[in-house]
Amino acid sequence: MSTKTVSPNTLRRDGDSGQSGDKIFSTASLLAGCLILAVLFSVAIFLLGQALPTFAADPSEISGGNGFFSYIWPIVIGTVIAATIALILATPIGIGVALFISHYAPRRLAQGFGYLIDLLAAIPSVVYGAWGYAVLAPQLAITYDWLANNLGWIPIFEGPASNTGRTILTAGIVLAVMVLPIITSLSREIFLQTPKLHEEASLALGATRWEMIKMSVLPFARPGIISAAMLGLGRALGETMAVALVLSGGALNASLIQTGNQTIAAEIALNFPEAFGLRLSELIAAGLVLFVITLAVNVIARWIISRHKEFSGAN
Amino acid sequence: MSKRIDVKDLNVYYGKFLAVEDVNLTIEARSVTAFIGPSGCGKSTFLRTLNRMHEVIPGARVEGEVLLDGDDLYDDAVDPVHVRSQIGMVFQRPNPFPTMSIRDNVLAGVKLNSKRISKSDADALVEKSLRGANLWNEVKDRLARPGSGLSGGQQQRLCIARAIAVSPEVILMDEPCSALDPISTLAIEDLINELKNDYTVAIVTHNMQQAARVSDKTAFFNIAATGKPGKLIEYGNTADIFNMPKEKSTEDYVSGRFG
Ligand SMILES: Nc1ncnc2c1ncn2[C@@H]1O[C@H](COP(=O)(O)OP(=O)(O)OP(=O)(O)O)[C@@H](O)[C@H]1O
Ligand SMILES: [Mg+2]
């Protein structure tokens, strides 16, 4: 019979050498995650709590006298219209500029251009608003007149066009200019990350540069472009100052070149200073609705991205 | 299909750096030519000049001539895009398009230049190319699945199928097996042996046995020291290069006595 000697397991770790860094980091990131959730949650609770009186109130006491729904839905539509215009204009332009910077421009020029775009993102929204109000709107008023005269049969261009040019279309265009830097710089980052391997794969098949971009760059960048557009949309939905300055708001109007329409964010910004009591609660409820819209947009974007996961090359 | 390539007095630069100096050789049609040599001697650089893929790298340029059946690839009037559609390339790491299905990967080159192709022609071409790359039986039931879901060896054969689908004159391969296991490597070597019935094949490899197994002719490149340009040291029939090389450095390299 042999006696078993218990040899110490050499794989066991002695002490916690090297482990503490890991632990600190994982705790820190967990805390950060919880913090974000907590902030989001408390914002939601605050909005809900403050908005509650509006939902409980008698419909006739709400602005407009027909209940919260008929108060909110025109400005929801207005918000969506303005943000959609912004996105429709800014996404293709942003992608184009980003592609120019990442794949067409000479390297020196590309870098300068990139900085310039990043700078645009840092301009305060008041400046954009003032520019839209003072410069862009008067210019556009002329174009709107032309649109009303020539394309007036299309409902969105129905006349008479606004004399000041301060319409929802102008607001949408100003928003587009504002979200353009976001979309451009995010897309550019993604385009630059396209693996050389995939670019060379298409070039070696005899692709032109544009074909290479269609075959290798855009498919690779698709989720990133969607994320960039969604970030842009988020900013467009929530933008207050610029819209408040540019748009001379009013009732819901199908024509984009007449006065009228309003966005939630601008409605809140314009009325908040004098609001108290139920009116204040109403505005906060409107903020809650905006919160929900933004959330929904993000969920939809996630869903679009994940739908193509299998073909994303992540595996 | 299949043309020969004549290289005359070729110098290749990266900016000011002369990477490959004064190469003269002829790659015969319907044969396999192997390029061997130590790391950094410019094999990849040289191979990429044969279909102007070299130009993709900023600052890269060449001096000299590369003739495809007598036509200079670097003539001012020649479009590199056209060159590459005739001289295909397979890379070291398999690079199927991740967002495309297996079928679309094979058709990727054919659909370029907005060429239209009927569905039945496309189906036939997909089958022919995948059979040509010895991949058909493994993937015929999942042509609509993403190409990135295949094994590394299968992906590399998919890349070969993609390259032959456009019926090129020449196929260039840069260490096509270096990321693969021995079985997949053998599958690709068998494939190369079949490809030379229809195509001109040039292959870079670090594997001496592979060069000996698959190639008809072998070119040995070397550098005097790091920072010096790579040069073509010896070029001849593979059997001669391996059994009775003329140059001492070739003998040292192929017999594994190097460094
Ligand atoms: N994109 C580049 N820019 C500048 N120099 C480069 C570039 N690619 C390669 N070189 C240089 O050119 C020389 C030849 O490189 P190349 O990649 O052709 O060697 P190789 O023979 O293929 O080596 P390996 O066997 O390791 O693949 C090396 O000195 C390398 O540093
Ligand atoms: Mg190499």
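Refer to the structure presented above.
Because the structure is predicted, anything quoted here is derived from the model rather than measured.

So, how was this worked out
Residues numbered from 1 in each chain as written. Chains lettered and ligands numbered in written order. Predicted model: local features only at pLDDT ≥ 70, side-chain atom pairs only at ≥ 80, totals over all residues. Heavy atoms only, no water. Contact = heavy atoms within 4.5 Å. Buried area = accessible area lost by both parts, 1.4 Å probe. Salt bridge = Lys/Arg side-chain N within 4 Å of Asp/Glu carboxyl O. Polar contact = N/O pair within 3.5 Å; in protein donor to acceptor, adjacent residues only side chain to side chain. Helix = DSSP H or I, 4+ residues; strand = E, 2+ residues; numbered from the N terminus. Nonpolar A, V, L, I, M, F, W, Y, C, P; charged D, E, K, R; others polar. Core = buried A, V, L, I, M, F, W, Y, C linked by side-chain atoms within 4.5 Å. Buried < 20%, exposed > 50% of the residue type's maximum accessible area, 1.4 Å probe, protein only. Near = heavy atom within 4 Å. Areas by Shrake-Rupley, 256 points an atom, 1.4 Å probe, with all protein chains shown as cover.

**Details of the interface of chain B and chain A**
Reasoning step 1: At the interface, 31 residues of chain B touch 21 residues of chain A.
Reasoning step 2: Buried surface at the junction of chain B and chain A, both sides included, amounts to about 2,200 Å², of which 65% is carbon and sulfur.
Reasoning step 3: When the buried surface of chain B facing chain A is broken down by residue, Phe-97, Thr-99 and Leu-112 of chain B rank first, second and third, together holding 26% of it.
Reasoning step 4: Joining chain B to chain A, the criterion identifies one salt bridge.
Reasoning step 5: Between Glu-200 of chain A and Arg-48 of chain B there is a salt bridge whose closest N-O contact spans 2.8 Å.
Reasoning step 6: Our enumeration of links across chain B and chain A arrives at two residue pairs in polar contact (both at pLDDT 80 or more).
Reasoning step 7: Of all the elements in the fold, those that place two or more residues in the side of chain B that touches chain A are α2 (80-86), β6 (87-90) and α6 (152-165) of chain B.
Reasoning step 8: Looking at side-chain class alone, the side of chain B that touches chain A contains 17 nonpolar, nine polar and five charged residues.

**So, the nonpolar core**
Reasoning step 1: Residues Ile-257 and Ile-264 of chain A are the most contacted members of the largest nonpolar core, which totals 60 residues.
Reasoning step 2: Contributions of two or more residues to this core are made by α1 (19-56), α2 (67-104), α4 (125-150), α5 (168-192), α7 (209-238), α8 (241-246), α9 (264-271) and α10 (277-307) of chain A.
Reasoning step 3: Sorting elements by how many residues they give to this core places α2 of chain A first, with eleven residues.
Reasoning step 4: When residues no more than four places from it in sequence are discounted, the contact partners of Ile-257 of chain A are Tyr-144, Leu-147, Ala-148, Ile-156, Phe-157, Glu-158, Ala-161, Ser-162, Thr-167 and Leu-169 of chain A.
Reasoning step 5: Ala-207 and Ile-225 of chain A together with Met-53 and Leu-73 of chain B belong to the second largest nonpolar core, which has 51 residues in total.

**Side note on the site of ligand 1**
All names here are of chain B.
Reasoning step 1: Neighbouring ligand 1 are 13 residues; Ser-39, Lys-43, Ser-44, Thr-45 and His-206 lie closest to it.
Reasoning step 2: Between Gly-40 and ligand 1, the recorded distance is 2.8 Å, taken from a backbone N or O atom to an oxygen atom.
Reasoning step 3: Interatomic distance of 2.5 Å between a side-chain N/O atom of His-206 and an oxygen atom of ligand 1.
Reasoning step 4: When isolated, ligand 1 has an accessible area of 630 Å², and the protein chains bury 63% of it.
Reasoning step 5: If one sorts the elements of the shell around ligand 1 by residue count, helix α1 (residues 43-49) sits on top with three residues.
Reasoning step 6: Classifying every residue of the shell around ligand 1 gives five nonpolar, six polar and two charged.

Everything listed here is a matter of geometry and, on its own, says nothing about what the molecule does.
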